[in-house]
Amino acid sequence: MRRLPLLLVLIALLAAGGAWGQTAPDPRIVYKRGTVVLSQGARQVRLRVEVADTPAARHQGLMYRRHLPEDAGMLFIFEATGRGGFWMKNTWIPLSIAFIDEGWTIVDIKDMAVAPNPEQGPFTIYVSAEPYRYALEVNQGFFERHRITVGGRVRYIPQPP
């Protein structure tokens, strides 16, 4: 009888698509869309982005995708500046991530590798060297190909609903 509360919590997590119970994209998650303009000196690069600005959208991120167009990415927007990590659970595309501070300046960039077993791990946790408020995931090598580095500037233009 003492295990019943724990069992109920586990069932609730699985039903809600918790980190270990989610086995497919959640069809209830609808990402906002917009454009990100990356600037490094006089150089500018535009990306179409989906926006993960809710806990559920941030949790799902780019999970289950098999392709990401070269001019596309996902912008994660957090309520406050922090240092949380990212992982590649159920992620099949090698990604690069730019961590962006409150002033929309890139403070760190990491390449994220697909886990040997993307469904079960083990998973590397990718953590920014500096606190961040936003994160931008793109195809691995995108920042290098476009010569965008730490110190680059980011502008987000939301798409009207």
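*Asks:* Talk me through the overall build of the protein chain; I want residue IDs and the actual numbers.
*Replies:* Broken down by element type, the protein chain carries three helices and seven strands. In sequence order, the secondary structure elements of the protein chain are arranged as α-β-β-α-β-β-β-β-α-β. Per-residue burial for the protein chain yields a buried fraction of 43% across its 161 residues. Taking all contacts inside the protein chain whose residues are at least 6 apart in sequence as the whole, residues at least 24 apart take part in 73%. About 9200 Å² of surface is accessible on the protein chain, with carbon and sulfur atoms providing 58% of the total.

*Asks:* Pulling in residues and values, what's your account of the packing of aromatic side chains?
*Replies:* Any pair of aromatic rings gets described here by the distance separating the centres and the angle formed by the planes. Counted by the stated rule, this structure contains 10 aromatic pairs. Measuring from centroid to centroid gives 5.0 Å for F76 and F86, while their planes differ by 90°, and the two rings are edge-to-face. Here F76 is found in strand β3 (residues 72–82), whereas its partner F86 is found in the loop between β3 and β4 (95–100), with 10 residues between them in sequence. In this structure F76 comes out as buried when scored by relative accessible area, which is 2%. Overall, F86 belongs to the buried group, its relative accessible area being 8%. Ring geometry for F78 against F86: centres 6.3 Å apart, planes inclined by 85°, an arrangement best described as edge-to-face.

*Asks:* Please set out the confidence of the model for the protein chain residue by residue, giving values where relevant.
*Replies:* Summarising the model, the protein chain shows a mean pLDDT of 88, and 86% of its residues fall at 70 or more. Contacts of residues 1–20 to residues separated by more than four positions or lying in other chains number 11 contacts, the stretch itself having pLDDT below 50.

*Asks:* Break down the environment of L47 for me, with residues and values.
*Replies:* Its location among the elements puts L47 in strand β2 (residues 43–52). By relative accessible area, which is 1% here, L47 ends up buried. With 10 residues separating them along the chain, L47 and V37 place their C-alpha atoms 6.5 Å apart.

*Asks:* Give a description of the pattern of salt bridges that names residues and reports values.
*Replies:* Scanning all chains against the criterion turns up eight salt bridges. Linking R28 and D26 is a salt bridge whose minimum nitrogen-to-oxygen distance equals 2.7 Å. Accessibility expressed as a relative area gives 16% for D26, which makes it buried. The shortest N-O distance in the salt bridge between D108 and K110 comes to 3.3 Å.

*Asks:* Can you tell me about the sheet that holds strand β7 (residues 153–158), naming the residues and giving the values?
*Replies:* Read across the open sheet, the seven strands follow the order β5-β4-β6-β3-β2-β1-β7; overall the sheet is mixed. Since the sheet does not close on itself, it has two edges, and those belong to β5 (106–112) and β7, each with one partner. Strand after strand, the sheet turns through a mean of 30° between neighbouring axes, direction not considered. As paired strands, β4 and strand β6 (residues 132–139) are joined by six bridges and run antiparallel to one another. In the strand pairing of β6, F99 is matched with A135.

*Asks:* Give me the lowdown on the layout of surface pockets, citing residues and values where you can.
*Replies:* By volume, the largest pocket is sized at about 280 Å³. Lining the largest pocket are 19 residues, and of these R58, H59, F76, F86 and W87 lie nearest its centre. Listing elements by their share of the lining of the largest pocket, those giving two or more residues are α2 (55–60), β3 and β6. With three residues, the top contributor of residues to the lining of the largest pocket is α2. Considered as a void within the structure, the second largest pocket measures approximately 160 Å³ in volume. Secondary-structure elements contributing two or more residues to the lining of the second largest pocket are β1 (32–40), β2 and β3. A breakdown of the residues in the lining of the second largest pocket according to their chemical character gives four nonpolar, four polar and four charged.

Calculation notes
Residues numbered from 1 in each chain as written. Predicted model: local features only at pLDDT ≥ 70, side-chain atom pairs only at ≥ 80, totals over all residues. Heavy atoms only, no water. Helix = DSSP H or I, 4+ residues; strand = E, 2+ residues; numbered from the N terminus. Buried < 20%, exposed > 50% of the residue type's maximum accessible area, 1.4 Å probe, protein only. Contact = heavy atoms within 4.5 Å. Areas by Shrake-Rupley, 256 points an atom, 1.4 Å probe, with all protein chains shown as cover. Phe/Tyr/Trp six-rings, centres within 6.5 Å; stacked < 30°, edge-to-face > 60°. pLDDT = per-residue confidence, 0-100. Salt bridge = Lys/Arg side-chain N within 4 Å of Asp/Glu carboxyl O. Pairing = 2+ DSSP bridges. Axes fitted to C-alpha atoms, helices over the stretch in contact; angles between N-to-C directions. 1 Å grid on protein atoms, 1.4 Å probe; cavity = no way out; pocket = protein on both sides within 12 Å on 5 of 7 lines; lining within 4 Å. Points joined across faces, edges and corners; volume = space filled by probe spheres on them. Nonpolar A, V, L, I, M, F, W, Y, C, P; charged D, E, K, R; others polar.

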